[in-house]
Amino acid sequence: MKRKKPVRFGGVFMGMIGIIILGFLIFFQRNLRTAASVRKLEDGLYSVTYKGNYGFDAFIEQGGASDDMAVAEFVIRDMFHGLLSLDLKGSSFGCSTISVQTPEGRGIFGRNFDWGACTALIVQTNPPDGYASISTVNMDFLDLGLDMSEELQMCLLSAAAPYAPMDGMNEKGLCVAVLMIQDTPAFHQDTGKPDLTTTTAVRMLLDQAADVEEAISLLSRYDLHASAGMMVHFALADRNGRSVAVEYINDEMMVTETPIVTNFYLSPGEKYGIGTEESRIRYTILDELCKQDMEWSIVFDQYSGDAHYYHRENYQIYYSFTVGGIMK
């Protein structure tokens, strides 16, 4: 009588574990490769190089999103495969930008982001069908609802970071920044066009616009919706020396040529309530808001693609990056 060979359950089990691990690595390879590039520069400041395609084309093809929750749902589905929850949130902030030309005719764009203490992430991206760019994310706007260390949170959230930029510059020298206006109600256009929120509009412009003219044209093709219910405007500047503020007043897009943008309306006209007593009261409130700490300051060289980051008003130390390159 022949003896049956014993079933090697141990080998089968280890084989199954190996297959599961391999499947996990393949399924989340984009997230893992990106998380592995997260680097702590100092307390409250990190950098990351996004690895792979973050799916913004698919986001646009689905019609974009008209609110932060819809953006979060897309990221949860596409980036986290439904395994993690994500909340996008915001609060008041004060900022300023300036666009200048050097004596040699080189475009320089400066940006201050005023906020209480937060965690900032410098994000480098290079999408397959778009322009390489560098942008900055206030990671306090992203919430997983989990109790974990700051470092681990940065690694997990790095996959979602491309969808929440507050400012940035792309390889063509276009600079984009979001600045708050102390006003209500926030804008919500509804003309039947595809939808974008504040931060996804910044991502679109960095990925697709080479200059201010293209940026304005792109924005006009979408219905814009204010993220977190905050009234904001956009500062845009290109390496050719053109700089504008794009504002949404009574849900109408207004463009004003200006080298400086702060937290006040630039589109003129009493019919918009600008210059009225109510508006002046709002500006007084905002002046107090702008006394918050400076979380980050950036100087973008629109010709070389260099970006110098200064953190929490320490102007003795800066971190230098190049669009499409690595930290120097």
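Our subject is the structure that appears above.
Keep in mind it's a predicted model, so treat the numbers as computed, not measured. (Residues numbered from 1 in each chain as written. Predicted model: local features only at pLDDT ≥ 70, side-chain atom pairs only at ≥ 80, totals over all residues. Heavy atoms only, no water.)

1. Focus: helix α7 (residues 212–219)
Logical step 1: Within the sequence span of α7, burial applies to Val-212, Ala-215, Ile-216, Leu-218 and Leu-219. Buried positions in α7, seen along its axis, are confined to an arc of 160° and lie on one side of it.
Logical step 2: Packing partners of the buried residues in α7 comprise α6 (198–208), β12 (223–225), β13 (232–237), β14 (243–249) and β15 (252–257).
Logical step 3: Between a side-chain oxygen at the N-terminus of α7 and the backbone nitrogen of Glu-213 the separation is 3.3 Å; the capping residue is Asp-211. (Buried < 20%, exposed > 50% of the residue type's maximum accessible area, 1.4 Å probe, protein only. Helix = DSSP H or I, 4+ residues; strand = E, 2+ residues; numbered from the N terminus. Arc of directions from axis to C-beta. Contact = heavy atoms within 4.5 Å. Polar contact = N/O pair within 3.5 Å; in protein donor to acceptor, adjacent residues only side chain to side chain.)

2. Brief notes about the environment of Arg-39
Logical step 1: Note on placement: Arg-39 falls in strand β1 (residues 39–42).
Logical step 2: When the C-alpha atoms of Arg-39 and Thr-49 are compared, they prove to be 9.2 Å apart, with ten residues separating the residues in sequence.

3. Focus: the packing of aromatic side chains
Logical step 1: Evaluated as defined, the whole model comprises 14 aromatic pairs.
Logical step 2: Ring geometry for Tyr-54 against Tyr-163: centres 6.5 Å apart, planes inclined by 85°, an arrangement best described as edge-to-face. Here Tyr-54, found in the loop between β2 (45–49) and α3 (56–61), pairs with Tyr-163, found in the loop between α5 (150–157) and β9 (167–170); they are 109 residues apart in sequence, far enough to count as distant. Of the two residues, Tyr-54 and Tyr-163, neither departs from the other in class, the shared state being buried.
Logical step 3: Relative to Tyr-163, the ring of Phe-74 has its centre 5.8 Å away and its plane inclined at 50°; by these criteria the two rings are tilted. Placement of Phe-74 in helix α4 (residues 68–78) and of Tyr-163 in the loop between α5 and β9 is noted, with a sequence separation of 89 residues between them. (Phe/Tyr/Trp six-rings, centres within 6.5 Å; stacked < 30°, edge-to-face > 60°.)

4. Some thoughts on empty space enclosed by the protein
Logical step 1: Under the definition given, this model contains two cavities of 30 Å³ or more.
Logical step 2: Estimated volume of the second largest cavity: approximately 90 Å³.
Logical step 3: Looking at the lining of the second largest cavity, the elements that each hand over two or more residues are α3 and α6. (1 Å grid on protein atoms, 1.4 Å probe; cavity = no way out; pocket = protein on both sides within 12 Å on 5 of 7 lines; lining within 4 Å. Points joined across faces, edges and corners; volume = space filled by probe spheres on them.)

5. Description of α6
Logical step 1: Along α6, ten of the eleven residues are buried, which leaves the element largely enclosed by surrounding structure.
Logical step 2: Looking at α6, one finds that the buried residues are Thr-198, Thr-199, Thr-200, Ala-201, Val-202, Arg-203, Met-204, Leu-205, Leu-206 and Asp-207.

Bear in mind that shape data such as this cannot, by itself, settle questions of function.
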